[in-house]
Amino acid sequence: QHLSKQQQSNPEKKPHKMLSLGSGGGKTAKPSFVSYVSPEEIKKENVNDELKPHLLPGELVICEANTVVKYSREDSLQRGFYGKLVCTNFKISFLSAEQLLDEVEQSYRNKLMGENDISLHCVDQIFGVYDDKKKPLLPGAVKNKIPEKLLLYCKDFRVFHFGLRYTKEEDAKRLIRVIVHHCLNPTSLKCLFAFSYVGTAGGLKVGPLGIEGEPPTIMFETKSDWRDELDRTGGLLTYRIISSNENYKISTRLPQFFAASVADDDIKKYKGKGIPLWCWSHPSGCALLKMAAFPETVDDNTSQMDKGWIDRQFQVLGETHPLNHTIKTEILSATLPTLQEIQASYSRFKQLFLPDNAAEFWESDVKWLSVLENANWLEIIRQCLKKALDIVECLEHSTSVVLVEENCSDLCCLIASLVQVIIDPHFRTISGFQSLIQKEWVMGCHCFLDRCNLLRNNDKEAPVFLLFLECVWQLLQQYPPAFEFTETYMTILSDSMYIPIFSTFLFNSPWQRDNNQMLDEDRRMRSRSLKLPSVWEWSVQFENSVQALFYNPLYIGKPKPDRFRRTQRIKPQRQMSLPSSPSYHSRPSPKKGFFREETDHLIKTFLGKKISRWTPTAEDHSVNNRLFYENWCSKPIDHHGLLLPLHDGPALKIWGQRYLRWIPEVQIPGGGLTTTLNKACEIIDEIKTLQTKVSQCLLKRQPSSPNTDVFTPFHQSSRLSSTFPFGTLRRQSIKPRIPVSTNLSMSFGSMENLPDDEEDLGLL
C-alpha cells in the first residue's frame, strides 16, 4: 500500500496510531486496519522534499508542509499518497513522487493548473476533522489544535482530503492559517493574482486566437465590430453606432461603443438610463433590445419626465418600422427569480454533488430526487427557458421586445443571450458563441467580479452566467447536431471562471478593466498598459490536442453557397413561417404607431414606477403560445433554423459532466456520451480516408499525405469512461453494488470491447 511508504514524520505522535484511514468526518464505521509501524521507524529519506511546484510568472510560494497524506477518492479514502502541500499566491498544490509514478497518461492537461492544483478562488469551503467530527475553518477562528484532516470543497466540485497526522505541528498550523486567509478572507482587486501574472510577463497579450482556420472571436471593442454585427443581422430598423461614451466620458456602466437609435445629447442627459440598447435584429424588421430602468425617486415631477422620455423612445421605435409594428416591454424582475433566490437555490443544489465518501453518497442517493426538487435549480432553468421562448414568439410575430432590468446587467444579459442562441445559428458556433458572450456579458457590464465572488463579498454572489450556461447545455443535449461545440467546451469554460487570470471574468465593466490595467507612475511605464489575456486565448491553457475536444463531431455545418451570391437580406431558414391556424390570421393587426398603456397598478410594480408596457394585450396568449410551439414541433427540425427548447419537467436534465465527474460511484466504464462521440470520430475518420482514396482514383493522382484536419478517435493509452476527459480509471478498488464486467474497461479509440448485450454487462 502507498501509505506504507517510509516518510519523515513527527516524533511526538504515538507510534501505534493508524495512518488516518478514516472517512473524513463521515458516518462510516472506522476501518479495522491499524499500522504498527511508528514514525520513529520510518526512514528519514523523503524524496518529496526535493519536489518543486510549477510556478507561473509572478507566482510565489507562501508556505509548505511535508508528510501530508492526500487520500484517494477513487479508493473510498482507504489509500493515499504522501507528499508536500504547497500554498502560493495563486493556488494550493499537492506534490508527490509516489503519485507521479502511479499516474497514467491523461488526455486533459491544463498548462496553468495540474490535477492536484486548486486555484485559491476555486476553494468554496474549508473544514477540519477533529476526532472524526467535521468543523468549518473560518478566518480568524483557527484553533490551536491541529485537525487530523483538512477538507477542501471546490467550486468545480472537487473534494480534497489531506491528512495532517504526521505533519510537523508548526508547519501544519502555519499552512492551515495561510490557506484559510488566502481562500476566505476579503481582498482587493489589485491583490488578485492576474496583476502579478501579467505584470511579470511584461504585459504580453496573445490575442483571441484559436485553432488554425477558426474565425476570430469578435471582441466588440471597436466601432467596426459593432458595425459588422449590425450588417450581419441586416434588420430593417436603422441603429447608429454610438461613440459619445468613448473613454467613458458619459457613464462607466456603458461600453465605449454600442448601438442605439437615440441622440447623443439624450445619452448624456440620462447617462445610459432609460435608453433602449440594441442587441439583435430580426429579418422581419423587429429587434431585441434591453434597457436599464431609472432609479426610484420620490419626486413626482422627475418621475413624470422620465416616464415621458421612455414613452417617446418607444414611439420612435414603432414609427420607424415600415409595416404594422408593435413593441413589448418585458420586465424581467416581475417574472423571474431574484439574484438572491438564484444564489440560494444553487447553494442547495450543489450540496448534492459534494459527498465526503462513498457511504455518504449512497446514503444521500435514497433521498436524492426529493433534495433535487427542493433545491429548485431545475425549476429556475425551466423559467428562464420559458421566458426566452415567449420572447422568441414575439420576435417571430414581428414584435420588438425591450428587456428591462434595474441595471440591465444580469437577467437582461441572460435572456438576451439565450434568445439569440435559440434563433441565430451563428451563435451556436464556437466563434459566434464567444462573440455573443463578449457582446452581451462583457460589454453588457455584467458584474463578473461580484457575481463570481472573487473578492469574497458573499452578499453579491450569484451564478447568473452559470445559469446561462446551464440553459445552453439543455439546448445542446436536446439538439446536438445544431452546436459546433461540445459539453466539454462548456465545462472547461465554467471552470475558467475561477482562474483569476483572464480579463473576461475579472471585472464588473469594461471601464473597470481598462482603468485597472493602467500601470502606476512609479513603474516608469506610463506609455504602456497591462493587457490581461482573454479566456478565448485557449492556447494559454491548452494544447491543440485538448482544444480539439471542444469541437462536436456530430455538428452539421451549414454548407457555403457556391454559385449564388446574396445581394440583399433574405429571410433565412431560422425565421419560421407563422402557423396556419385561424387564430393567428384572425388576430387583428394593430395600427401603425399605436401603443396602449396598461394600468398604473402594473406600472407601479416596477422599480422606478416609471416604466409602462406597450403591447397589444391578448387574452389567449397561452393558447397562441401553445399553437406556436405545436406548429414548430410538427415540422422537421432544421438545425440551422429556429430551435425551441423543451422546458417541461422530464426534458430537463442534470449537467452530468460538470457536477458528477469527480464522483467515482457514478462513473460509467466504457459508457456515456464519450462512447458515442468516440465512435462518431472513428466513422468520420474512416469516411475522410475513403473520400481521399476515391478522389485519388478518379484523378489518377499519386497517394498524398493523409488529411489531418479530421476528428481523430481518443488516445489509445487512456481508459474510456463517462467522465472523460476529466476522470481516469486508474484502479477499480471500489466494489460496485451492481456487478460490472471487466470488459467495460476499454481504451480510447477501441470499440471492440463494448458489451454486445446485457449478459456481457453482468446484469443477467
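Above this note sits the structure.
What counts, and where the lines are drawn
Residues numbered from 1 in each chain as written. Predicted model: local features only at pLDDT ≥ 70, side-chain atom pairs only at ≥ 80, totals over all residues. Heavy atoms only, no water. Helix = DSSP H or I, 4+ residues; strand = E, 2+ residues; numbered from the N terminus. Buried < 20%, exposed > 50% of the residue type's maximum accessible area, 1.4 Å probe, protein only. Pairing = 2+ DSSP bridges. Axes fitted to C-alpha atoms, helices over the stretch in contact; angles between N-to-C directions. Parallel < 35°, antiparallel > 145°, perpendicular 65-115°, else oblique. Contact = heavy atoms within 4.5 Å. Nonpolar A, V, L, I, M, F, W, Y, C, P; charged D, E, K, R; others polar. Arc of directions from axis to C-beta. Salt bridge = Lys/Arg side-chain N within 4 Å of Asp/Glu carboxyl O.

In this structure, leucine 95 sits in strand β3 (residues 91-95). Distance from leucine 95 to lysine 70, taken between C-alpha atoms, is 9.5 Å for residues 25 residues apart in sequence.

Extensive coverage of strand β12 (residues 287-292) is indicated by the burial of 6 of its 6 residues. The alternating pattern of β12 places Ala287, Leu289 and Met291 on one face and Leu288, Lys290 and Ala292 on the opposite face, and all of these are buried. Examined bridge by bridge, strand β11 (residues 277-281) and β12 share 4 bridges and lie antiparallel to one another. What sits directly across from tryptophan 280, in β12, is leucine 288. If you look at the hairpin formed by β11 and β12, you'll find 5 residues sitting between the two strands, and glycine 285 has a positive phi there, around 115 degrees. In the sheet, β12 pairs with strand β14 (residues 399-405) via 5 bridges, with the strands oriented parallel. Following the sheet pairing, methionine 291 is matched in β14 by valine 404.

Once that is clear, we can look at the packing of helix α11 (residues 377-396) against helix α15 (residues 464-478). Across the interface, α11 lies against α15 with an axial gap of 10 Å and an inter-helix angle of 75 degrees. Viewed along their axes, α11 and α15 adopt a mutual orientation that is roughly perpendicular. Listed contacts from α15 to Trp377, Ile380, Ile381, Cys384 and Leu385 of α11 are Leu467, Glu470, Cys471 and Gln474. Of the residues that constitute the contact of α11 with α15, the class distribution is 7 nonpolar, 1 polar and 1 charged.

Pairing is antiparallel across the open sheet formed by 8 strands, whose spatial order is β4-β3-β2-β1-β8-β7-β5-β6. Two strands bound the open sheet, and with one partner strand each, they are β4 (117-119) and β6 (133-136). Pairs of neighbouring strands in the sheet enclose a mean axial angle of 30 degrees, with direction left out of account. In this structure, strand β2 (residues 80-88) lies alongside β3, joined through 4 bridges in antiparallel fashion.

Buried within helix α10 (residues 368-375) are the following residues: Trp368, Leu372 and Ala375. All buried residues of α10 fall inside an arc of 60 degrees around its axis, so they share one side. In α10, the exposed positions angled more than 90 degrees off the buried face are occupied by Leu369, Glu373 and Asn374. Summarising the contacts, the buried residues of α10 are in contact with α8 (339-350), α9 (358-365) and α11.

Our focus in this paragraph is the pattern of salt bridges. Within this structure, the stated rule accounts for 21 salt bridges. Notably, a salt bridge pairs glutamate 148 with arginine 165, separated by 3.6 Å at the nearest N-O pair. Here arginine 165 lies in the loop between β8 (159-163) and α2 (169-184) and glutamate 148 lies in the loop between β6 and β7 (149-154), a separation of 17 residues in the sequence. A residue is classified by how much of its surface remains accessible, and glutamate 148, at 23% relative accessible area, is partly exposed. According to the relative accessible area criterion, arginine 165 is buried, its value standing at 17%. Of the charged contacts, one joins aspartate 424 and arginine 232 as a salt bridge, the two residues approaching to 2.8 Å between their closest N and O atoms.

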